[in-house]
Amino acid sequence: MKAGIFTTTLENVVDMGIQDTRHFKLAFDPGTVFDFDAGQFVNILVEKDAKTIKRPYSIASPPSWKGFIDLCWKRVDGGLVTNLLWDYKKGDKLTIQGPLGRFTAHKPLPKAIIFISTGTGIAPFRSIFHELLREGTACEIWNIFGNRYDEDILYQKEFEELAGKHKNFHNIFTISRPKTWKGEKDYVQFMLKKYISNPADKHIYICGLTNMIQEVQKTALEIGFTKEQIFFEKYD
Ligand SMILES: Cc1cc2nc3c(=O)[nH]c(=O)nc-3n(C[C@H](O)[C@H](O)[C@H](O)COP(=O)(O)OP(=O)(O)OC[C@H]3O[C@@H](n4cnc5c(N)ncnc54)[C@H](O)[C@@H]3O)c2cc1C
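Because the structure is a prediction, the values reported are computed rather than measured.

Calculation rules
- Residues numbered from 1 in each chain as written.
- Predicted model: local features only at pLDDT ≥ 70, side-chain atom pairs only at ≥ 80, totals over all residues.
- Heavy atoms only, no water.
- Pairing = 2+ DSSP bridges.
- Helix = DSSP H or I, 4+ residues; strand = E, 2+ residues; numbered from the N terminus.
- Axes fitted to C-alpha atoms, helices over the stretch in contact; angles between N-to-C directions.
- Near = heavy atom within 4 Å.
- Polar contact = N/O pair within 3.5 Å; in protein donor to acceptor, adjacent residues only side chain to side chain.
- Nonpolar A, V, L, I, M, F, W, Y, C, P; charged D, E, K, R; others polar.
- Domains from an automatic or database assignment.
- Contact = heavy atoms within 4.5 Å.

Engineer: Would you mind going over the sheet that holds strand S6 (residues 93-100) with me for this structure?
Structural biologist: Whenever strands of a sheet pair, they do so through backbone hydrogen bonds, lying parallel or antiparallel. Pairing within the open sheet is antiparallel, and its 6 strands lie in the order S4-S3-S6-S1-S2-S5. On the outer flanks of this sheet lie strand S4 (51-58) and strand S5 (68-74), each paired with one strand and no other. Between one strand and the next, the sheet's axes are offset by a mean angle of 40 degrees, whatever the strand orientation.

Right, dumping it as structure tokens:
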């Protein structure tokens, strides 16, 4: 679908944990058609000092959930738009532009896809996981997801439920500053090395901040992945 401008209504606002992260459910007006591919993003448009400012946010819900989209975003220290969005409440209007971007699962799917993210970098992957699993893919899906603290794991219960329902969906949650966490504790690039050895017929998708993406790319190339097998979306 060609990108357009849409006025949406904030139907739900959820605080996601301790890392100043929020989940927005944006409802379209009845009858609005908004088709997108899992993994795409929208621009949020806000007015400030008589100027329109745009920021991209990945769509965190799959295309099959009709009438609304989810976003998952973190308030950035000193950040212009996220500090404005922090005051938005249920019922407020939000203008978006989209769908945009090409960070989608390339078909035909390989034997396995390893999705690697930290923090809100999980947003496009939540969309892709639900979409691929709904389609009944046989592709092995790995969700390597890094966060700082035990309570930061966004959508943890939902991902655990997906793993319970689908044998080909695997969660590797890793916590870099654990409190009582008994699971993995190293950075995501080390999880890639630990769990994925043979790169044949596998793709890697990485989403989040540049530093993490560079570390994962470096590790992936060391394991034997080629650049053509690696796809990424940088948030900064
Ligand atoms: C394709 C795309 C999709 C994106 N999707 C999401 C998303 O789903 N959720 C989300 O939270 N963000 C997402 N971002 C980042 C988002 O667009 C904004 O850059 C971010 O919210 C900061 O906006 P701001 O106006 O508050 O900060 P600004 O005033 O623009 O600047 C703050 C500074 O912080 C940097 N920065 C950006 N993101 C972060 C971060 N997460 N942590 C620390 N520093 C950061 C910026 O590069 C900039 O230097 C995405 C970016 C891109 C390019």
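Engineer: I tried to follow the site of the ligand on my own but got confused; where do I start?
Structural biologist: Every one of the 20 residues lining the ligand counts as a neighbour, but Arg 55, Pro 56, Tyr 57, Val 81 and Thr 82 are closest to it. Taking Arg 55, its side chain carries an N or O atom lying 2.7 Å from an oxygen atom of the ligand. Tallied by class, residues from the shell around the ligand come to 11 nonpolar, 4 polar and 5 charged. Taken domain by domain, the makeup of the shell around the ligand includes at least three residues from each of domain 1 (4-100) and domain 2 (112-234).

Engineer: For this particular structure, what's the right way to read the sheet that holds strand S11 (residues 230-234)?
Structural biologist: A sheet is described by the order of its strands in space; here 5 strands give the open sequence S9-S8-S7-S10-S11, paired in parallel fashion. The sheet is open, and its two edges are formed by strand S9 (169-175) and S11, each paired on a single side. The average undirected angle you get between the axes of adjacent strands in this sheet is 15 degrees. The pairing of strand S8 (residues 140-147) with S9 spans 7 bridges and is classified as parallel. Paired with Ile 144 across the strands is Ile 172, a residue of S9. Contacts from helix H2 (residues 123-135) reach strand S7 (112-118), S8, S9 and strand S10 (202-208), with the element oriented near 155 degrees to S7. Against the sheet, helix H4 (residues 188-195) touches S7, S8, S9 and S10, its axis set at about 150 degrees to S8.

Engineer: Would you mind going over the environment of Leu 209 with me for this structure?
Structural biologist: With respect to the secondary-structure elements, Leu 209 resides in the loop between S10 and helix H5 (210-223). Put simply, Leu 209 and Asn 143 are 66 residues apart on the chain and 17 Å apart in space, counted from C-alpha to C-alpha. Ignoring anything within four residues of it in the chain, the contact list for Leu 209 reads Tyr 235 and Asp 236.

Engineer: How do you make sense of the side chain of Asn 168 when you look at a structure like this?
Structural biologist: Within the fold, Asn 168 resides in the loop between helix H3 (156-165) and S9. In this structure the side chain of Asn 168 is engaged in a polar contact, spanning 2.9 Å, whose partner is the backbone oxygen of Cys 139. Apart from residues lying up to four places away in sequence, Asn 168 is in contact with Leu 133, Thr 137, Ala 138, Cys 139, Glu 140 and Ile 141.

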